[in-house]
Amino acid sequence: MPKINPEIIKLDEENIFSKVIQKVNEYKKKHPTDDIVSLGVGDVTRPIVEPVVLAMHRAVDDLSKEETFKGYNGDGYDFLKEKIIENEYHDYGFVNEEIHISNGTKTDCTSILELFPMSAKIGVTNAMYPVYRDGARCLGRKVYFLDAKEENNFIPDIPKEKYDLIYICSPSNPVGNAYTYQELKKWIDYAINNQAVILYDNVYSAFISSEDVPKSIYEIDEAKQVAIEMNSYSKVASFTGVRCSYYVIPKEIYPDVNRLWRKRISNRFNGTDYIAQRGAEAVYLPESQKLIKENIAYYKENIKMLKDFFTSYGFKIYGGIDSPYIWVKNKENMESWDLFNLYLNKLNIVIIPGIIFGKRGEKYFRVSGFATRDNINKAIGRMKKYYGKEK
Ligand code: PLP
């Protein structure tokens, strides 16, 4: 019998996202008529906007004709890279070779580890987007946790020891907070002083509205020397099912990281779907941007409604300003899976138990504004009834 990677076997027993899905499915089997409302998943509910859909239709037609047919494309088409540089990175002087198109930040954020030796010391915020931890472990990597807790406003203290790689997610999943210019600058200085690389996950940048929060890490001087930024069309343009992302590897990152990564791509990746890339290109059309902004405003209103509810019922909450998530302190001080069960059984609401995001999440839960407005209203109505009774 072949041996299996023990890290994959270990994952099976741990607190992972699929356990939420499994528990909800079990509940549904037993109670098929219950109306379950999910405030859990990070998946979007607004459909893809029409100009983007039309661009994808045209791309399908391209594939049907010899003159316009497209095949393998390595790390992406120049037509999309140029749009990204023009719209996202206008001021930073990037060239196409520094932009890499891919099929999802979930893949990108741990694929990038292939660039660095197995001995690289990886720092991951705790609580964290669990893929950094579990994806790295699947690759046989060890990760070290940087505590993000109430006492430090969920932004880890600058470490005294040397890390080679540090994951920063801003705006953060799950905590929903975002790093200000000042906070990020400290991390960039740390990375420069320690010859570290920051893996900056920026997939929620479209939700940023605070003036002191940068939309890209490259807004900070010197970030080009030490930061790889990852972003995706999943949340901003409802591409969770289409799959298209991008990341930036500046040429300034020492030693020759950009060139070596392109070598890696030529051996390990054959490109992102042409149709998805044409769709992503159309995201930047003014008529798409108008509709996309309305979608973001819709989710932001959802999260505000949830925030107002939790605050007025005496919960301590974090995030929700520059992010579609809020991080709620569990008032009853219950274990996070117990609270998950209570919400599912008594309220028919799915929340995400904080423990999934690391030990620091144990006394918290995450709620998401990506639901439909109808479901947000339903959830708030049920919670009001439940907590009203308890008061
Ligand atoms: N990074 C963070 C922080 C996320 O929360 C998610 C998805 O929820 C992803 C990356 C995955 O993005 P993609 O759909 O591009 O794979």
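Preceding this paragraph is the structure being described.
This one's a predicted model, so the numbers in the text were calculated from it and none came from an experiment. (Residues numbered from 1 in each chain as written. Predicted model: local features only at pLDDT ≥ 70, side-chain atom pairs only at ≥ 80, totals over all residues. Heavy atoms only, no water.)

**Student:** Explain helix α6 (residues 130–138) here, please?
**Tutor:** Because the α-helix completes a turn every 3.6 residues, residues three or four places apart line up on one side. For α6, the tally of buried residues reaches seven of nine residues, placing the bulk of the element in the interior. Among all positions in α6, only P130, V131, Y132, R133, D134, G135 and A136 are buried. In this structure, the buried residues of α6 make contact with α1 (6–13), α5 (105–111), β3 (122–126), β4 (143–147), β5 (165–169) and β6 (197–201). Once α6 finishes, G140 follows within two positions and takes phi at roughly 80°, a positive value. (Buried < 20%, exposed > 50% of the residue type's maximum accessible area, 1.4 Å probe, protein only. Helix = DSSP H or I, 4+ residues; strand = E, 2+ residues; numbered from the N terminus. Contact = heavy atoms within 4.5 Å.)

**Student:** I keep staring at the pattern of salt bridges and nothing clicks. Help me out?
**Tutor:** Between side chains of opposite charge, a pair can form when the charged atoms approach closely. Enumeration over the complete set of coordinates arrives at 22 salt bridges. Linking K304 and D308 is a salt bridge whose minimum nitrogen-to-oxygen distance equals 2.9 Å. With K304 and D308 both in helix α11 (residues 286–312) and four residues apart, the pair spans about one turn of that helix. Classification of D308 as partly exposed rests on a relative accessible area of 41%. Here the residues in one salt-bridge network are D35, K378 and R382, joined through shared partners. (Salt bridge = Lys/Arg side-chain N within 4 Å of Asp/Glu carboxyl O.)

**Student:** Is there a simple way to explain the site of the ligand in this structure?
**Tutor:** Around the ligand sit 14 residues in total, of which D201, Y204, S232, S234 and R243 are the nearest. Measuring from an oxygen atom of the ligand, one finds a side-chain N or O atom of K235 at 2.7 Å. Those elements that provide at least two residues to the shell around the ligand are α5 and α8 (234–237). The residue makeup of the shell around the ligand, split by class, is five nonpolar, five polar and four charged. (Near = heavy atom within 4 Å. Polar contact = N/O pair within 3.5 Å; in protein donor to acceptor, adjacent residues only side chain to side chain. Nonpolar A, V, L, I, M, F, W, Y, C, P; charged D, E, K, R; others polar.)

**Student:** What should I look at first to understand the packing of aromatic side chains in this one?
**Tutor:** Geometry of an aromatic ring pair is reported as the spacing of the ring centres plus the angle between the planes. Counted according to the given criterion, the structure contains 40 aromatic pairs. With a centroid separation of 6.4 Å and 45° between ring planes, the pair formed by F309 and Y387 is classed as tilted. Highlighted residues: F309 in helix α11 and Y387 in helix α13 (residues 373–390), separated in sequence by 78 residues. In terms of burial, F309 and Y387 fall into one category: buried. (Phe/Tyr/Trp six-rings, centres within 6.5 Å; stacked < 30°, edge-to-face > 60°.)

**Student:** Help me understand empty space enclosed by the protein, please; the structure alone is not making it clear to me.
**Tutor:** In this approach the atoms are scanned with a rolling probe the size of a water molecule, which exposes any empty space left behind. Taken as a whole, this structure holds one cavity of 30 Å³ or more when the rule is applied. The volume enclosed by the largest cavity comes to roughly 120 Å³. Together, 16 residues line the largest cavity, and T125, A127, C169, S172 and Y179 are the ones closest to its centre. Per-element accounting of the lining of the largest cavity gives the leading share, three residues, to β5. Split into classes, the residues belonging to the lining of the largest cavity amount to 12 nonpolar, four polar and no charged. (1 Å grid on protein atoms, 1.4 Å probe; cavity = no way out; pocket = protein on both sides within 12 Å on 5 of 7 lines; lining within 4 Å. Points joined across faces, edges and corners; volume = space filled by probe spheres on them.)

**Student:** Which parts of the structure should I look at to understand the pairing of strand β2 (residues 99–102)?
**Tutor:** If a strand is regular, its side chains alternate between the two faces of the sheet. Every second residue of β2 is oriented toward a common face, with I99 and I101 on one face and H100 and S102 on the other, all of them buried. With four bridges connecting them, β2 and strand β8 (residues 245–248) associate as antiparallel partners. Note on β8: the bridge partner recorded for I99 is V248. (Pairing = 2+ DSSP bridges.)

**Student:** Is there a simple way to think about the sheet that holds β6 in this case?
**Tutor:** In a beta sheet, neighbouring strands are held together by backbone hydrogen bonds and run either parallel or antiparallel to one another. The seven strands are arranged β2-β8-β7-β6-β5-β3-β4 in an open sheet whose pairing can be described as mixed. Each edge of the sheet is formed by a strand with only one pairing partner; in this case those strands are β2 and β4. On average, each strand axis in the sheet is inclined to that of its neighbour by 25°, with strand direction left out of account. Bridge count between β6 and strand β7 (residues 227–232): four bridges; the pairing is parallel. Across the sheet, residue I198 finds its bridge partner in β7, namely A227. Along the sheet, helix α9 (residues 257–268) contacts β2 and β8; its crossing angle with β2, the most-contacted strand, is approximately 25°. (Axes fitted to C-alpha atoms, helices over the stretch in contact; angles between N-to-C directions.)

**Student:** Explanation requested: the sheet that holds strand β12 (residues 352–353) in the structure shown.
**Tutor:** Within the open sheet, the four strands sit side by side as β9-β10-β13-β12. Their pairing is antiparallel. Of all the strands in the sheet, just β9 (317–319) and β12 have a single pairing partner and so form its edges. Examined bridge by bridge, strand β10 (residues 325–329) and strand β13 (residues 364–368) share five bridges and lie antiparallel to one another. Of the residues in β13, the one forming a bridge with W327 is R366.

**Student:** Before we go on, may I ask you to explain the packing of helix α3 (residues 50–63) against α11 in this structure?
**Tutor:** In helix packing, the relevant descriptors are the interaxial angle and the interaxial distance, both defined with respect to the helix axes. Contact pair α3 / α11: the axes reach a minimum separation of 8 Å and the direction vectors enclose 130°. Here α3 lies oblique to α11, going by the angle between them. The residues of α11 that touch α3, namely those facing E50, P51 and V52, are E287, S288 and L291. Its residues assigned to classes, the contact of α3 with α11 shows three nonpolar, one polar and two charged. (Parallel < 35°, antiparallel > 145°, perpendicular 65-115°, else oblique.)

**Student:** What is the right way to read the packing of helix α2 (residues 17–30) against helix α12 (residues 336–347) from this model?
**Tutor:** Two elements in contact, α2 and α12, have axes whose closest approach is 11 Å; the angle formed by their N-to-C orientations is 35°. Crossing handedness for the pair α2 and α12: right-handed. Taken together, the residues of α12 that come into contact with α2 (itself represented by K19, V20, K23, V24 and Y27) are W337, F340, N341, L344 and N345. Along the lines of polarity and charge, the residues of the contact of α2 with α12 split into six nonpolar, two polar and two charged. (Left-handed = near helix turned anticlockwise from the far one by under 90°.)

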